[in-house]
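Spelled out from the first residue to the last, the chains are:
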Amino acid sequence: MNFQHESIGPITSLATTPNGCKGTAEDKYFQLTFYNEKIVRVQISRSEQFEDYPYSVILAPQELNYLVKETERAHHFNSEAVQLTIQKNPFRLSFSNHKGELLNADDPDFGISWMGFEVTNYKQLASDEIFLGMGEKGGGLNRRGRSFDNWNTDAFGFNNDTDPLYVSTPFYIGVREGRPYGIFLDNTYKTHFNFGASNNDRFSYFSAEAGDLNYYFIQGDTVGEVIQQYALLTGTSHLPPKWSLGFQQCRFSYYPDYEVHQVANTFRDKQIPADVIYLDIHYMKDYMAFTFDNDRFPNPKGLVEKLEAQGFKVVIILDPGIATKPGYGTYERGVEEDVFVKYPDGSPYEASVWPGNSHFTDFTLPKGRHWWTNELKFYTDLGIEGFWNDMNEPACWGQDIPHLLNFSYEGQNVSHKKARNAYGFQMVRATFEGAQKQLNNKRPFALTRSGFSGVQRYSAVWTGDNVAGDDHMLLGVRLVNSLGLAGVPVAGYDVGGFVEESSPRLFARWLAVATFAPFFRVHSMVNVRDSEPWAYGEEVEEIARNYIGLRYQLMPYLYSLFYVAHAEGLPINRSLAIDYVNDPHIFGGNAENEFTLGEWLLVCPTTSQQEYAKIYLPKGDWYHFFSDEKFKGQQHHIVETGLEDLPVFAKGGAMIPLQNVTQNTQEATDGVLKLHVYYGDTESHQVYYEDDGSTYDFQQGSYYLRNLNFSASKKQLQVAPKTGSYTSAFEKVKIYLHGFRQETFEINGNSVNLNTENLRLIQPVTEFDPLPQRMKRDYEIKGIKTIETPWTDKAIILKWK
């Protein structure tokens, strides 16, 4: 084995294939495959047989037409979207768009190289090139000048500079001269990405410590389109049950059962909406999976049923370590089925974790996943539909798992080095698929700490063991934004911080920010103060009630966004780089923390200590969501941001469907859909979606989908006829007209009477003001125009003059 730098040489043979070409470059092998017009797979190996990475990619190569041309120096393969050029001597690749504008190219000096087992692809680095994404990584929005590793790690109490973290998504988006592209390195060995760090911007590169160079180049005309193509490649998010969009309360741990009941009763007594209560490891007997402690929880089925009657779902924690205790049925069945990770000599691997000495299920073994499915019946028979997958990097005490361990990896029999990054992904796959089978037609909810590209098909991700602090609050926002850029749209963080204790001000601000996150959960460590919404005093309780209530008002908009994520792959929380990547102001200051909920609601997180903040509003007209004050875009603004004053803005052209506050997602609404329309000199589109929120009947057409279109030039709002067989939960629609100066309106050709009323989207906090010297804002929108009409299945066309 040569451990000196060894670069790939000239092409010595090349043959076309149905979707590209294959050949040799001296003693190296290559295969280039168009998966569609915009995606090209690049495989480079020292072996004639390319390695298989079976977990992330679900797209098969599609039939397509492309042009092939050979010149003296290169081979050219051109689809409608991508021009692939293969330089002959030495072998180098470059990718351009259909106009011939360069997007990405190998470095001319080093190209693709090996040092020992490690393979590296060096890339040209343009002077203006921006790098986005990489998933669960700290730092700023633009990754240029940074380097990152992908090696799933139990990173307890991590900070902004900690790398790696729990989840690996080796996918980045580059933007060269305003033109985006994506690269996904599908290799589960430890990988490294360098975006010009420590080399004076000579090149960027990505490497894998072993295995093949196996990456996918993705072209997209916008950042959003690159993400959508990546989602086509690796899968979109599962449409979760609607209850998982609600507020979720957790701690390490709620026990015994009467404490769980007390928490549930307090939520209902205080009229603070909530949908989920978690059971951490203390529900188990001696921390053993697939058990309940009979003393602490003598009647778990009764507990689940009583909580269900109150509108709560129960989510339980699951770890991969199975205690090696004689008489423990799960362990004995696992030994009998031969599903545990082994040493090369065939003996089972044993390490210490929460239940003591434990074996670890091999989730890369099909029969291991099948065995896990059967074990899950213990929980589903109790009525449990939610599963929290933890410690699945995998983690154990000492954090030093031997690399020589043997994992099936779908029959390849590989070491820990290749299997580790896929392990948590396959655990949550086993959990999700097992629960799906056991629950028949019901949708399960799965949450994971660890994963790899493609994990979005099965699970939400939470960002692990964070710390109570303003810096962690903002870091969590950036992590969720970055996960969205990496194809994981359903993600969140522990509100209030898991490690250490939150202050009342921090908790209030964190909860307000998390109101707009895809996954909305409070969680806290053992032996710290209580962290329920009422645990921080009356003022914070009132703020929490208001913002959690707003979450439930937003449910029609939120659920539609989850549907779009499922159908199209777009994030729910969108970094400003998705829609405004060519605006340089988004890469500095507070703008790096900002995000839009969908396309239309801009959230500007600020720290808990700020009374005023400098925020940036990108292109467009923006309305303060709570006051209707209008702001110009492409400008910085100073705004008030006291304890209850989170800056949130609706964009001109937005159509935001809301409902009345309910105490949980299973509770019926008042039947009135509240459609808030914000005037802007623009054309805009929004998807509105409903289904039963719990089953897979939507896959057989039982859904309710409508397209909403706003046109300033046509002076109309059009609600298209519904598609699908589901009956809407709403009977009437009340349209709120924000920023409209017009006075004459008609619906479907008939004149309508305008009403005016005062509106509060969030209640003021005035009773318990810790800063009485400050003039507090009264967020009341006065004199807003409204129109009410039946919410029929036919088209609704609102016109104005």
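Residues numbered from 1 in each chain as written. Predicted model: local features only at pLDDT ≥ 70, side-chain atom pairs only at ≥ 80, totals over all residues. Heavy atoms only, no water.

(A) Focus on the overall build of the chain. What the chain contains, in helices and strands, is 11 helices and 54 strands. Scaling as 2.2 N^0.38, a compact globule of 801 residues should have a C-alpha radius of gyration of about 28 Å, and the chain matches this with 27 Å. Summarising its shape, the C-alpha atoms of the chain cover approximately 75 × 70 × 55 Å along the three principal directions. For the chain, with 801 residues in total, the buried portion stands at 65%. Considering only intrachain contacts with a sequence separation of at least 6, the fraction spanning at least 24 residues in the chain is 71%. Summing over all exposed atoms, the chain offers an accessible surface of approximately 27,900 Å²; the carbon and sulfur share of this is 46%. Each charge sign in the chain was given a centre, from 73 positive and 99 negative side chains, and these centres are 5 Å apart. (Helix = DSSP H or I, 4+ residues; strand = E, 2+ residues; numbered from the N terminus. Rg over C-alpha atoms; globule rule 2.2 N^0.38 Å. Buried < 20%, exposed > 50% of the residue type's maximum accessible area, 1.4 Å probe, protein only. Contact = heavy atoms within 4.5 Å. Areas by Shrake-Rupley, 256 points an atom, 1.4 Å probe, with all protein chains shown as cover. Lys, Arg positive; Asp, Glu negative; His and termini not counted. Charge placed at Lys NZ, Arg CZ, Asp CG, Glu CD.)

(B) Spotlight on the packing of helix α4 (residues 329-337) against helix α5 (residues 366-380). With their axes 11 Å apart at the nearest point, α4 and α5 run at an angle of 150 degrees to one another. Classified by the angle between their axes, α4 and α5 sit roughly antiparallel to one another. The element α4 and its partner α5 pack so that their crossing is right-handed. Across the interface between the two elements, Thr-330, Arg-333, Gly-334 and Glu-337 from α4 touch Lys-367, Trp-371 and Glu-375 from α5. Class assignment of the residues belonging to the contact of α4 with α5 gives a composition of 1 nonpolar, 2 polar and 4 charged. (Axes fitted to C-alpha atoms, helices over the stretch in contact; angles between N-to-C directions. Parallel < 35°, antiparallel > 145°, perpendicular 65-115°, else oblique. Left-handed = near helix turned anticlockwise from the far one by under 90°. Nonpolar A, V, L, I, M, F, W, Y, C, P; charged D, E, K, R; others polar.)

(C) Region of the structure containing the sheet that holds strand β37 (residues 595-597). Ordered by their spatial adjacency, 6 strands build an open sheet running β36-β37-β38-β43-β40-β41, and the pairing between neighbours is antiparallel. Two strands close off the open sheet at either side, each with one partner strand: β36 (573-575) and β41 (630-632). Put simply, the sheet's adjacent strands are angled 35 degrees from each other on average, direction ignored. When strand β38 (residues 601-603) meets strand β43 (residues 648-651), the two strands line up antiparallel, connected through 3 bridges. (Pairing = 2+ DSSP bridges.)

(D) Looking closely at the confidence of the model for the chain. Of the residues in the chain, 98% have a pLDDT of 70 or more, and the chain-wide mean is 96. Every residue in residues 767-775 is under pLDDT 50, and counting partners more than four places away or in other chains gives 16 contacts. (pLDDT = per-residue confidence, 0-100.)

(E) Structural context of the pattern of salt bridges. Inspection of the entire model under this criterion finds 39 salt bridges. Between Glu-393 and Arg-449 there is a salt bridge; the shortest N-O distance is 2.8 Å. Of this pair, Glu-393 sits in the loop between β27 (386-389) and β28 (406-407) while Arg-449 sits in the loop between β30 (445-448) and β31 (451-452), and the two are 56 residues apart along the sequence. On the basis of relative accessibility, which here comes to 1%, the residue Arg-449 falls in the buried class. A salt bridge links Glu-541 to Arg-545, with the shortest nitrogen-to-oxygen separation between them at 2.8 Å. With Glu-541 and Arg-545 both in helix α9 (residues 538-553), this residue pair falls 4 residues apart, about one helical turn. Among the residues examined, Glu-541 registers a relative accessible area of 11% and is labelled buried. Of the residues examined, Arg-545 reaches a relative accessible area of 24% and is grouped as partly exposed. (Salt bridge = Lys/Arg side-chain N within 4 Å of Asp/Glu carboxyl O.)

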